[in-house]
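Here is what each chain is made of, one letter per residue.
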Amino acid sequence: MAIWLSLCGAAVVLAYLLGSFPTGYIAVKQLKGIDIREVGSGSTGATNVLRTLGKGPGAFVLAVDCLKGVLAIALVYVLFSFTPTENLIPSTVDISIWQPWIIILAGLSAILGHSKSIFLGFSGGKSVATSLGILLAMNWQVGLATAGVFAVFIAISRIVSLSSISGAIAVPILMAILHQPLPYILFGIAGGFYVIFRHRANIERIFAGIEPKIGQKLVTEESADG
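Owing to the predicted nature of the structure, the values given are computational and were not obtained by experimental measurement. (Residues numbered from 1 in each chain as written. Predicted model: local features only at pLDDT ≥ 70, side-chain atom pairs only at ≥ 80, totals over all residues. Heavy atoms only, no water.)

A.B. asks: Help me out: how do you make sense of the overall build of the protein chain in this one?
C.D. replies: Within the protein chain one finds 11 helices and zero strands. Counting from the amino terminus, the protein chain carries its helices and strands in the arrangement α-α-α-α-α-α-α-α-α-α-α. The globule rule puts the C-alpha radius of gyration for 226 residues at 17 Å, and the 18 Å found for the protein chain is close to it. Over its C-alpha atoms, taken along the principal directions, the protein chain stretches across nearly 70 × 40 × 25 Å. In the protein chain, buried positions account for 46% of the 226 residues. Long-range contacts, defined as pairs at least 24 residues apart, comprise 65% of the intrachain contacts of the protein chain with a sequence gap of at least 6. (Helix = DSSP H or I, 4+ residues; strand = E, 2+ residues; numbered from the N terminus. Rg over C-alpha atoms; globule rule 2.2 N^0.38 Å. Buried < 20%, exposed > 50% of the residue type's maximum accessible area, 1.4 Å probe, protein only. Contact = heavy atoms within 4.5 Å.)

Shown next as structure tokens:
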């Protein structure tokens, strides 16, 4: 049992390291030679890369960050692909109970890793793309429906942060509608709350009417004064 618990812990740690991979930071550093944390919103995510480098690099960072979430959950699926008779999973382990909980732990670790990357002094992005990858790996219907909510709000408002927040709110509702396990619903609540919390500066700008739309630059206090 001790070995099994160690393997579960290792999967959660690896999920954090996957989430921590600083895609946006590396892309901007390599292509423009600057630290993206010192540009625009300071986020290392795809939206800030889009504003800094354009559509191509922004789409690339979005895809890789989404893939990080998929891989984090795939690790757990691989771990549970063995059977108790193969001497890896103890016979006392009920896979149907354990797997959803380890999946959400890995998912939350990947989300935390993206926003608090160990490779960037515990800074990072807002975990939206990584969260989408996690959702797609957990349940593709929920993932696609969440992406649909994002798409509707981005088409109406053209504000990425507002669309991301709307998607985060929709996740636990979609989990419940599609009768997902309780751990998945709790993940939707916890993960959604965390993503919204990471957008608190955006929320302030939305209420102030100064949150940039797609194609617009973020106006900071310094640029406004100078």
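A.B. asks: Quick question: what am I supposed to make of helix 9 (residues 182-198) here?
C.D. replies: Residues spaced three or four apart along an α-helix face the same direction, because each turn holds 3.6 residues. For helix 9, built from 17 residues, the straight-helix expectation of 24 Å at 1.5 Å per residue is met to within 8% by its first-to-last C-alpha distance of 24 Å. Where helix 9 is concerned, the buried positions are P183, Y184, F187, G188, G191, G192, V195 and R198. Each buried residue of helix 9 sits inside an arc of 155° when the element is viewed along its axis, so together they form one side. In helix 9, the exposed residues that point more than 90 degrees away from the buried face are L182 and F193. Elements that come into contact with the buried residues of helix 9 comprise helix 4 (55-79), helix 5 (95-115), helix 6 (128-138), helix 8 (160-177) and helix 10 (200-208). (Expected span 1.5 Å × (residues − 1). Arc of directions from axis to C-beta.)

A.B. asks: Would you mind going over the packing of aromatic side chains with me for this structure?
C.D. replies: To describe a pair of aromatic rings, you give the distance between the ring centres and the angle between the ring planes. All chains considered together, the criterion is met by zero aromatic pairs. Sitting over the face of the ring of F197, R200 holds its NZ or CZ atom 4.1 Å from the ring centroid. (Phe/Tyr/Trp six-rings, centres within 6.5 Å; stacked < 30°, edge-to-face > 60°. Lys NZ or Arg CZ within 6 Å of the ring centre and 35° of its normal.)

A.B. asks: What exactly am I supposed to notice about the environment of I196 here?
C.D. replies: Tracing the sequence through the fold places I196 in helix 9. Taking the C-alpha atoms as reference points, I196 and V76, 120 residues apart in sequence, are found 26 Å from one another. Excluding residues within four positions of it along the chain, I196 makes contact with I165, A168, I169 and I203.

A.B. asks: Would you take a moment to explain the pattern of salt bridges for this structure?
C.D. replies: Pairing of side chains with opposite charge becomes possible as their charged atoms draw close. Under the criterion given, the structure shown has three salt bridges. Between R37 and D35 there is a salt bridge, and its shortest N-O distance comes to 2.8 Å. Owing to a relative accessible area of 12%, D35 belongs among the buried residues under this scheme. Here E211 ties to R205 by a salt bridge, and the two come within 2.7 Å at their closest N and O atoms. (Salt bridge = Lys/Arg side-chain N within 4 Å of Asp/Glu carboxyl O.)

A.B. asks: Got a minute to help me understand the UniProt feature "transmembrane region" (unreviewed entry) in the protein chain in this structure?
C.D. replies: Residues annotated by UniProt as "transmembrane region" (unreviewed entry) correspond here to residues 59-80, 92-112, 149-175 and 181-197. Along residues 92-112 one finds 86% helix and 0% strand; the C-alpha atoms at either end are 31 Å apart. Taken end to end, residues 149-175 is 93% helix and 0% strand, and its two terminal C-alpha atoms sit 14 Å from one another. (UniProt positions renumbered as here; feature names shortened; annotations may be inferred.)

A.B. asks: What is the right way to read unusual backbone geometry from this model?
C.D. replies: It is generally the case that most residues other than glycine have a negative phi and that most peptide bonds are trans. Notably, F122 is not glycine yet its phi reads approximately 60°, a positive angle. If you trace the backbone, F122 turns up in the loop between helix 5 and helix 6.

A.B. asks: Quick question: what am I supposed to make of the packing of helix 6 against helix 7 (residues 140-157) here?
C.D. replies: What describes two packed helices is the angle between their axes and the distance between those same axes. Put simply, helix 6 and helix 7 touch, their axes get as near as 5 Å, and they point 145° apart. For the pair helix 6 and helix 7, contact is made by L132, L135, L136 and M138 and by W140, V142, G143, L144, T146 and A147, respectively. Among the residues forming the contact of helix 6 with helix 7, the class breakdown is eight nonpolar, two polar and no charged. (Axes fitted to C-alpha atoms, helices over the stretch in contact; angles between N-to-C directions. Nonpolar A, V, L, I, M, F, W, Y, C, P; charged D, E, K, R; others polar.)

A.B. asks: Could you clarify how one ought to interpret the side chain of S164 in this entry?
C.D. replies: As for its placement among the helices and strands, S164 is situated in helix 8. On the accessibility criterion, S164 (7% relative accessible area) is buried.

A.B. asks: Please explain the nonpolar core as it appears in this structure.
C.D. replies: Counting 28 residues, the largest nonpolar core has W4, I134, M138, M175 and F187 as its most contacted members. If you list the elements that add at least two residues to this core, you get helix 1 (2-20), helix 4, helix 5, helix 6, helix 8 and helix 9. The element that contributes the greatest number of residues to this core is helix 5, accounting for six residues. Counting residues in hydrophobic clusters, the runner-up holds eight residues, among them A27, I36, A46 and V61. (Core = buried A, V, L, I, M, F, W, Y, C linked by side-chain atoms within 4.5 Å.)

A.B. asks: Looking at this structure, I do not really get helix 4. What am I missing?
C.D. replies: If you check helix 4, its first and last C-alpha atoms are 36 Å apart, about what 25 residues at 1.5 Å a residue would give, namely 36 Å. Along helix 4, the residues that are buried comprise P57, G58, V61, V64, D65, C66, K68, G69, A72, I73, V76 and L79.

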